[in-house]
Amino acid sequence: MLKHFLPDQHVKSIFDIQPESLKEKGVKGIITDLDNTLVEWDRPNATPKLIEWFDNMRKNEILVTIVSNNNENRVKSFSDPLQIPFIFQARKPMSRAFNKALKQMGLRKEETVVIGDQLLTDVLGGNRSGFHTILVVPVAKTDGFVTKFNRKVERRILDWFRKQGKLNWED
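Quick caveat: nothing in here was measured; it's all calculated off a predicted structure.

Caption draft 1: Highlighting the packing of aromatic side chains. This model, assessed by the stated rule, comprises four aromatic pairs. With a centroid separation of 5.4 Å and an interplanar angle of 65°, the aromatic rings of W53 and F54 are classed as edge-to-face. Taken individually, W53 and F54 each receive the classification buried, so the pair is uniform in this respect. Across from the ring centre of F131, 5.7 Å away, lies the NZ or CZ of K109, which sits over that ring.

In structure tokens form, the structure reads like this:
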């Protein structure tokens with residue numbers, strides 16, 4: 001059961017994920033979480049550095065879709081200025097939103113990665129749905145109400161993975 005919580009990769013930041021390395025692995029698409037993955041959960045807009053990251057993906061013909069459990073207003077107001085497709089109220093870790101994003105991009109699972117900051121939503125959902133998963137260190141040290149609970153559970157799982165030598169993780 002715990003294997004579903006183990007990401008295929010882990011990196012410090014979204015900026016450690018470069019299109020060249022994705023393309024080498026045959027990746028053509030990214031399904032990414034929004035809050036605390038791309039920007040702080042309470043930051044309304046993308047940073048200049050993040051806009052540059054999106055542009056770099058676009059130039060390299062890597063499609064990006066934001067899949068978030070947050071509400072439509074939050075996700076739409078972030079995504080629309082960037083012209084990035086999105087799915088809101090995704091109900092992760094349920095697989096429906098992951099599969100919907102895949103269909104919208106016109107890609108196969110083998111060509112797509114799931115990126116997120118949470119084991120209980122992003123990694124679990126991506127793994128259960130058959131995607132390559134990449135865990136990032138949360139952008140902010142603070143979280144919304146529901147996420148605070150998830151983080152407590154995640155810390156126990158992360159500690160177990162550390163002790164097993166399966167994951168080196170930074171808080």
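Still to come is the rest of the account.
Caption draft 2: Just the nonpolar core, in detail. With 26 residues, the main nonpolar core has I17, I30, L50 and F78 as its most contacted residues. Put simply, the parts of the chain that give this core at least two residues each are helix 2 (48–59), strand 3 (63–67), helix 3 (72–79), strand 5 (112–116) and strand 6 (132–136). Sort the elements by how many residues they give to this core and helix 2 lands first, with four residues. Here L50 is in contact with I14, F15, L38, V39 and F78, once residues within four sequence places are set aside. In this structure, V67, A97, V114 and F131 belong to the second largest nonpolar core, which totals 12 residues.

Caption draft 3: Structural view of the pairing of strand 5. Of all five residues in strand 5, five are buried, a share of seventy percent or more. Side chains T112, V114 and G116 project from strand 5 onto one buried face, and the interleaved V113 and I115 project onto a second face that is buried too. Across four bridges, strand 2 (residues 29–32) lies against strand 5 in parallel orientation. For T32, the partnering residue across the bridge sits in strand 5 and is I115. Bridge analysis of strand 5 against strand 6 gives four bridges, and the strand direction is parallel.

Quick notes on the rules
- Residues numbered from 1 in each chain as written.
- Predicted model: local features only at pLDDT ≥ 70, side-chain atom pairs only at ≥ 80, totals over all residues.
- Heavy atoms only, no water.
- Phe/Tyr/Trp six-rings, centres within 6.5 Å; stacked < 30°, edge-to-face > 60°.
- Buried < 20%, exposed > 50% of the residue type's maximum accessible area, 1.4 Å probe, protein only.
- Lys NZ or Arg CZ within 6 Å of the ring centre and 35° of its normal.
- Core = buried A, V, L, I, M, F, W, Y, C linked by side-chain atoms within 4.5 Å.
- Helix = DSSP H or I, 4+ residues; strand = E, 2+ residues; numbered from the N terminus.
- Contact = heavy atoms within 4.5 Å.
- Pairing = 2+ DSSP bridges.

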